[in-house]
Amino acid sequence: MVGPPGAGKGTQAALLAARLGLVHVASGDLFRDNLKRQTALGKKAKSYMERGALVPDELTVQMIADRLGQPDAAEGVVLDGFPRTRQQAEALDRMLAKMGAKVDATLYIDVDRDEIVRRLSGRWVCSAASSHVYHELTNPPLVAGQCDIDGAQLVQRDDDKPETVRARLEQQLPPMFEVVDYYAEGDVLNTVDGDQPIEDVTEALMRVVGQPVR
Ligand code: ADP
Ligand code: ADP
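To start, this report covers the structure provided alongside it.

Thresholds applied
Residues numbered from 1 in each chain as written. Chains lettered and ligands numbered in written order. Predicted model: local features only at pLDDT ≥ 70, side-chain atom pairs only at ≥ 80, totals over all residues. Heavy atoms only, no water. Pairing = 2+ DSSP bridges. Helix = DSSP H or I, 4+ residues; strand = E, 2+ residues; numbered from the N terminus. Contact = heavy atoms within 4.5 Å. Near = heavy atom within 4 Å. Polar contact = N/O pair within 3.5 Å; in protein donor to acceptor, adjacent residues only side chain to side chain. Areas by Shrake-Rupley, 256 points an atom, 1.4 Å probe, with all protein chains shown as cover. Nonpolar A, V, L, I, M, F, W, Y, C, P; charged D, E, K, R; others polar. Core = buried A, V, L, I, M, F, W, Y, C linked by side-chain atoms within 4.5 Å. Buried < 20%, exposed > 50% of the residue type's maximum accessible area, 1.4 Å probe, protein only. Expected span 1.5 Å × (residues − 1).

1. Details of the sheet that holds strand β4 (residues 123–126)
If you trace the 3 strands from one edge of the open sheet to the other, you get β5-β4-β6, paired in antiparallel fashion. Each having just a single partner strand, β5 (133–135) and β6 (154–155) make up the two edges of the open sheet. Bridge count between β4 and β5: 3 bridges; the pairing is antiparallel. By the bridge assignment, W124 is partnered in β5 with Y134.

Here you go:
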């Protein structure tokens, strides 16, 4: 799943993973979990994330390789937020080839800049699990301020502040377009219009990846 910050990757990856019976692997969630647990990786990633910069490829690729090596990933995953650079995309191809696997489809959620800013400024995430994502206008929780799934308090991400959003777009969009080009060359790119209601984006994505496998 490829797209700018706020495009709806996490929202759609969770829905697709549930419909396809696959595991949802989100690089941002893995980093935030490491940050919370104050692991060595979390400590190294922190300053990059706070500045809206990309965490260096070496650290990111190793984190994803470790995650994909776990038993629950053996049937395949919906990868969300990785790869974000051409080097990461090439590393992903290499690690999958070693496992006898490949990228089956790249799903690029295309959303324009004004909509990105609206989405990130209204985003609220669960304090217990940052993959539980809401929007104050377009995707509100059932009870204000509370996660539908586990009842924990909703919070705004530090990096969704306007100045960090600007930095993320400046630093992360150019490499993202290189990733889009890489998959277009490899003939696995599918572009979906992300500027539609959440359910309509899911249907468009499901048309690409086909019916539930189990
Ligand atoms: P968003 O959902 O807004 O696109 P994420 O939750 O995916 O953001 O990522 C949060 C932050 O974690 C990024 O701004 C970046 O600092 C870091 N990060 C996530 N994925 C990657 C990646 N593939 N490569 C480098 N840094 C990453
Ligand atoms: P990403 O993982 O790409 O950063 P998210 O899934 O976190 O994006 O979505 C960003 C924000 O936009 C969240 O507040 C989410 O509830 C909201 N959102 C996601 N998809 C849509 C959509 N199709 N229309 C309106 N709001 C959306």
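2. Details of the environment of G42
Topologically, G42 is positioned in helix α3 (residues 40–51). Placed 71 residues apart in sequence, G42 and R113 show a C-alpha to C-alpha distance of 29 Å. If sequence neighbours within four positions are ignored, G42 has contacts with N34 and L35.

3. Here's the deal with the site of ligand 2
The environment of ligand 2 is made up of 19 residues, and the closest members are G6, T11, R123, Y134 and Q196. Between ligand 2 and A7 there is a distance of 3.2 Å, counted from an oxygen atom to a backbone nitrogen or oxygen. Between an oxygen atom of ligand 2 and a side-chain N or O atom of R123, the distance comes to 2.7 Å. When isolated, ligand 2 has an accessible area of 570 Å², and the protein chains bury 94% of it. Mapped onto the shell around ligand 2, the elements with two or more residues apiece are α1 (9–20) and β5. When its residues are assigned to classes, the shell around ligand 2 shows 7 nonpolar, 9 polar and 3 charged.

4. Observations concerning the nonpolar core
In terms of nonpolar packing, the biggest core is built from 47 residues, with I64, L92 and Y183 touching the most fellow members. With 8 residues, helix α7 (residues 162–185) is the largest single contributor of residues to this core. In contact with L92, not counting residues within four places along its chain, are L68, L79, F82, P83, V103 and Y183.

5. What about helix α8 (residues 198–209)?
For α8, built from 12 residues, the straight-helix expectation of 16 Å at 1.5 Å per residue is met to within 8% by its first-to-last C-alpha distance of 17 Å. Positive backbone phi, at 90 degrees, marks G210, one or two positions downstream of α8.

6. Quick look at the environment of L205
With respect to the secondary-structure elements, L205 resides in helix α8. L205 sits in the buried class, given a relative accessible area of 0%. Placed 189 residues apart in sequence, L205 and L16 show a C-alpha to C-alpha distance of 8.0 Å. With residues up to four places along the chain from it excluded, the contact list for L205 reads Q12, L16, L107 and V192.

7. A closer look at the site of ligand 1
In the neighbourhood of ligand 1, 20 residues make up the surrounding shell, with S27, R32, A53, R84 and R168 lying closest. The contact in question runs from an oxygen atom of ligand 1 to an N or O atom on the side chain of R84, over 2.8 Å. Between ligand 1 and the protein, one listed contact pairs an oxygen atom with a side-chain N or O atom of R168 at 2.4 Å. Of all the secondary-structure elements, those providing two or more residues to the shell around ligand 1 are α2 (27–36) and α7. A total of 4 residues in the shell around ligand 1 trace back to one element, the largest contributor, which is α2. Classifying every residue of the shell around ligand 1 by side-chain character gives 7 nonpolar, 6 polar and 7 charged.

8. A look at the side chain of H135
For H135, the location among the structural elements is in strand β5. One polar contact links the side chain of H135 to the main-chain carbonyl oxygen of R118, over a distance of 3.1 Å.

Everything listed here is a matter of coordinates, which is why it stays silent on function.
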